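The primary structure of each chain is shown beneath.
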Amino acid sequence: MTFLMSMPAVFICISLLFSICSAGDPFISFEWEFSYITAAPLGVQQQVIAINGQFPGPIVNLTTNNNLVVNVLNSLNEDLLITWNGIQHRRNSWEDGVFGTNCPIPNGWNWTYQFQVKDQIGSFFYFPSLNFQRAAGGYGGIIVNNRVIIPVPFGTPDGDITLLIGDWYNKNHTALRKALDDGNDLGMPDGVLMNGKGPYRYNSTLVPAGIDYETINVHPGRTYRIRVHNIGVSTSLNFRIQNHNLLLVETEGSYTSQQNYTNLDIHVGQSYSFLVTMDQNASSDYYIVASARFVNETLWTRVTGVAILHYSNSKGNATGPLPDPPNDFYDKSFSMNQARSIRWNVSAGAARPNPQGSFKYGQINVTQVYVLKNKPPVVINGKRRTTLNGISYVNPDTPLRLADQYKLKGIYTLDFPTRPLVGPSRLGSSVINGTYRGFMEIIFQNNDTTVQSYHMDGYAFFVVGMDFGDWTENSRGTYNKWDGVARSTTQVFPGAWTAVLVWLDNVGVWSVHVENLDTWYLGQEVYVRVVNPEITNKTELPKPDNALYCGKLKYLQKAQVHSKSSASLVMVGSLKLIILLLLFAVAVFQ
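The residue count restarts for each chain, going from 1 along the sequence in the order it is written. Totals for whole chains, interfaces and linings use all residues, but because this is a predicted model, local features are given only for residues with pLDDT of at least 70 and pairs of side-chain atoms are given and counted only at 80 or more. The side-chain quantities take in all heavy atoms of the structure and omit both hydrogens and water.

Bringing the overall build of the protein into the picture now. Secondary structure follows DSSP: runs of H or I at least 4 residues long count as helices, runs of E at least 2 residues long count as strands, and numbering of each begins at the N terminus. Of the regular secondary structure elements, the protein holds 6 helices and 33 strands. Only protein chains enter the area calculation, which uses a 1.4 Å probe; residues under 20% of their type maximum are buried, those over 50% are exposed, and those in between are partly exposed. In the protein, which comprises 590 residues, the share counted as buried stands at 56%. Contacts are residue-level and defined by heavy atoms, with any inter-residue pair within 4.5 Å sufficient. Of the contacts made within the protein by residues no fewer than 6 positions apart, 78% connect residues no fewer than 24 positions apart. Here the accessible surface of atoms and residues is derived via Shrake-Rupley with a 1.4 Å probe, and residues count as covered only by protein chains that are part of the display. Put simply, the protein shows about 24,800 Å² of open surface, and 54% of that area lies on carbon and sulfur atoms.

If you want it as structure tokens, here you go:
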């Protein structure tokens, strides 16, 4: 017997189908055009990279397990890739946005990033990873909020503020890149920006008139979460707010033991969030300061970022000298001890209901040990380069992950040394062969004269120890095996070492690199290849349908037809699915 569905039944079916389609984790979509605009953050007209005409770019506000869809149109005059600093891309190195995993987006083309912020919370940022472009902008903050069912280890703030700080040069990024290619240092930056703006005119000699500065508007008595990211080129910065305490609560996806600081050193590539209570009187505004560290402060006085904290009932402008930086000229251990004081909050949950402390990393047997030693730039084949363990990384024309996918030989070698090489440095595309579900100990040994910040894509690692001098086997006796903070970027002081532990459970090819743009650009990088030996489709997502091809696979690339946006295409695909399911339901009831 056949019969037609009644209209009420059809509407019930439609409602059910929409419920099914929306029952999964939400999709958050963006349309971004990267282009050049002219700006003068320090009073000098120059070319910067904007997103939809905005510099810095928009804040990406997500919740744990959201799916992020970002359609990127490259309107620059060179290739582009966007990387998501600290986002772990679970099972999905295809979306990492560095040359080891992705072919660049050519000029005039668009490409859609799509990934899930799986089981993550915290403060992160994005930026262009190629061609020294981060020195020109193209960056912005990322906020990943807890799901409502997961308690946060502090009261709900009255507001959420993102502050992007970093050193800045008045030269275009192409000129900075050429300087490095010609074998030169970049020299002293021209200043420090806060949210793309120059310093408040706290000093009429150092700061010219007419500079646009950042103002943070607050209300007295309220508490705000302030997320601070050092997105600069190479300068460590000390962050402080005049007369206000900084209660540290989170760094790069991990809740920390809550401690008050009057100032905190934030190194290149690092992210922190603080709770700041507006508990001062409103006789005047207050300075927000980011000043250069570990430099000759007499020469670097102009390399200071100054924003204004403005109470809604303020009675006047900020006045007086800036709050003092740390006085550690004779005690270089101040910053290291400050870094050691940052601990993991093992009693707090993060993205999942179980407490973080249930993962007792100190009881896991280490299966691989790598001592990664850098040193000052060296000359290799007539070019100034930087190295790790004597190897200066060179990106092959074909990304490593694509080479694996298509079983190409000779693209890279799996012979990266576990200890520094003895002998002359060399160029190479040498890769670390990581053991899937192994526990790797990495010791970063900094033999350069400046602080270096190291970052690992796809992972958070446990920072378990740091000290001056050379690391030895006996150094393990000083490790923190209980509440070392889990994060993705750690500082390594000159003439010192930092040790991290990382659980290799995320399949893919992942970059380990210095965040200082100059030394990264010159070769201080290595990739860790993590492969599940079992044949399964459950530990890594498949190659995306929109993958770009280059190098030896360039012949696979089809000409791009520019049409509707990715967000529109996602919606169209969903509507097609709904229509098909409706037709199927109608057929069943006929």
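Residues His 173, Leu 176, Arg 177, Ala 179 and Leu 180 constitute the buried set of helix α2 (residues 173–181). The buried residues of α2 all sit within an arc of 155 degrees when viewed along its axis, so they share a single face. Buried positions along α2 lie against β1 (27–39), β2 (46–51) and α5 (517–521). Phi turns positive, to about 90 degrees, at Gly 183, one or two residues after α2. Each C-beta atom gives one direction from the helix axis, and the arc is the one those directions make.

With that settled, the discussion passes to the pattern of salt bridges. It is possible for side chains of opposite charge to pair when their charged atoms get near one another. Whenever a carboxyl oxygen of Asp or Glu lies within 4 Å of a side-chain nitrogen of Lys or Arg, that contact is scored as a salt bridge. One pass over the structure, following the stated rule, counts 19 salt bridges. Between Arg 529 and Asp 404 there is a salt bridge, and its shortest N-O distance comes to 2.7 Å. One end of the pair, Arg 529, is in strand β33 (residues 525–531); the other, Asp 404, is in helix α4 (residues 400–405), and 125 residues separate them in sequence. Several salt bridges share partner residues, and in doing so they unite Arg 419, Glu 441, Glu 473 and Arg 476 into one network.

Looking now at the pairing of strand β28 (residues 461–468). Burial analysis of β28 places 6 of its 8 residues in the buried class, which makes it a mostly covered element. With 2 bridges joining them, β28 and strand β29 (residues 486–487) adopt antiparallel strand pairing. Paired with Phe 461 across the two strands is Arg 487, which belongs to β29. The pairing of β28 with strand β31 (residues 496–503) spans 6 bridges and is classified as antiparallel. Opposite Phe 462, over in β31, you have Leu 501 as the bridge partner. Between any two strands, at least two bridges found by DSSP are needed for them to pair.

A few words on the state of the cysteines. Here a disulfide denotes one covalent bond, and it connects the sulfur atoms of two cysteines. Any cysteine sulfur atom paired with another within 2.5 Å is treated as part of a disulfide. Evaluation of the coordinates by the stated rule reveals 1 disulfide. Between Cys 103 and Cys 550 runs a disulfide, and the two sulfur atoms are separated by 2.1 Å. Between Cys 103 and Cys 550 the disulfide shows an S-S torsion of about -85 degrees. By sign, it is left-handed. Separated by 447 residues along the polypeptide, Cys 103 in the loop between β5 (82–85) and β6 (110–116) and Cys 550 in the loop between β33 and α6 (566–589) bring together distant segments of the chain. Taken as a pair, Cys 103 and Cys 550 share a single burial class, namely buried.

If you walk across this open sheet you meet the 4 strands as β3-β8-β7-β5, and the pairing is mixed. Edge positions in the open sheet fall to β3 (60–63) and β5, since each of these has one partner strand only. Ignoring strand direction, the axes of neighbouring strands in this sheet form an average angle of 25 degrees. Two strands pair when backbone bridges link them, and β5 and strand β7 (residues 122–128) are joined in this way by 4 bridges, in the antiparallel orientation. Bridging from a neighbouring strand, Thr 83 pairs with Phe 127 of β7. Angles here are taken between N-to-C directions and fall from 0 to 180 degrees, while the axes themselves are lines fitted to C-alpha atoms, restricted in helices to the stretch in contact.

Let us now look at the environment of Arg 426. Relative to the assigned elements, Arg 426 resides in strand β24 (residues 426–428). Expressed as a C-alpha distance, the spacing of Arg 426 and Thr 386, which sit 40 residues apart in the sequence, is 10.0 Å. Setting aside residues no more than four positions away along its own chain, Arg 426 makes contact with Ile 380, Gly 390, Ile 391, Ser 392, Asp 415 and Leu 421.

We now examine the side chain of His 244. Turning to its location among the elements, His 244 is positioned in the loop between β13 (237–241) and β14 (246–251). A relative accessible area of 3% places His 244 in the buried class. Separated by 2.7 Å, the side chain of His 244 and the backbone oxygen of Gln 242 make a polar contact. Setting aside anything within four residues of it in sequence, one finds His 244 in contact with Val 276, Thr 277, Met 278, Asp 279, Gln 280, Tyr 286, Leu 309 and Tyr 311. Throughout this description, a polar contact denotes any pair of N or O atoms lying within 3.5 Å of each other; where both atoms belong to protein, one of them has to be capable of donating a hydrogen while the other can accept it, and for residues adjacent in sequence the pair is counted only when both atoms sit in side chains.

With that settled, consider the nonpolar core. Ranked by internal contacts, the top residues of the largest apolar core, which has 89 residues, are Phe 239, Phe 274, Ile 288, Leu 309 and Leu 372. Among the elements that take part in this core, strand β9 (residues 159–168) stands out by supplying 5 residues, more than any other. Ignoring sequence-local partners within four residues, the contact set of Leu 309 consists of Ile 216, Val 218, Ile 241, His 244, Met 278, Asp 285, Tyr 286 and Ile 288. Working definition of a nonpolar core: buried Ala, Val, Leu, Ile, Met, Phe, Trp, Tyr and Cys residues. They are joined through side-chain atoms within 4.5 Å. Core analysis: the second largest hydrophobic core is formed by 36 residues, Leu 68, Leu 76, Leu 80 and Tyr 113 among them.

On to the sheet that holds strand β20 (residues 368–374). Across the sheet, which stays open at both edges, the 5 strands sit in the order β20-β26-β31-β28-β29 with mixed pairing between neighbours. Lying at the two open borders of the sheet, with one neighbouring strand each, are β20 and β29. Running at roughly 155 degrees to β28, helix α3 (residues 333–340) makes contact with β28 and β31 of the sheet.

Going from Phe 55 to Pro 56, the amide bond is cis rather than trans, its omega being -10 degrees. With respect to the helices, strands and loops of the structure, Pro 56 is situated in the loop between β2 and β3. One non-glycine residue, Asp 119, adopts positive backbone phi at about 55 degrees. Topologically, Asp 119 is positioned in the loop between β6 and β7. Its relative accessible area of 28% is what places Asp 119 among the partly exposed residues. The phi dihedral of Phe 294 falls on the positive side, at around 60 degrees, and the residue is not glycine. When you line up the elements, Phe 294 lands in the loop between β18 (286–292) and β19 (304–311). The exposure class of Phe 294 is partly exposed, given its relative accessible area of 34%.

This part is about the confidence of the model for the protein. Here the protein averages 91 in pLDDT, while 90% of its residues score no lower than 70. Per residue, pLDDT measures the predictor's confidence, with a range of 0 to 100. Predicted confidence for residues 1–23 stays below pLDDT 50, and this span has 17 contacts to residues more than four positions away or in other chains.

Looking at the secondary structure, you find Ser 284 in the loop between β17 (271–277) and β18. For Ser 284, a relative accessible area of 14% puts it in the buried group.

The subject of this paragraph is the packing of aromatic side chains. In summary, the pairing rule links any two rings of Phe, Tyr or Trp, Trp by its six-membered ring, whose centres are within 6.5 Å, and it sorts them by plane angle into stacked for under 30 degrees, edge-to-face for over 60 and tilted for everything else. For the structure on display, the rule yields 29 aromatic pairs. Relative to Trp 168, the ring of Phe 55 lies with its centre 5.7 Å away and its plane at 50 degrees, an arrangement referred to as tilted. Taken together, the residues span a long stretch of sequence, with Phe 55 in the loop between β2 and β3 and Trp 168 in strand β9 at a distance of 113 residues. Trp 168 shares its class with Phe 55; the two are buried.

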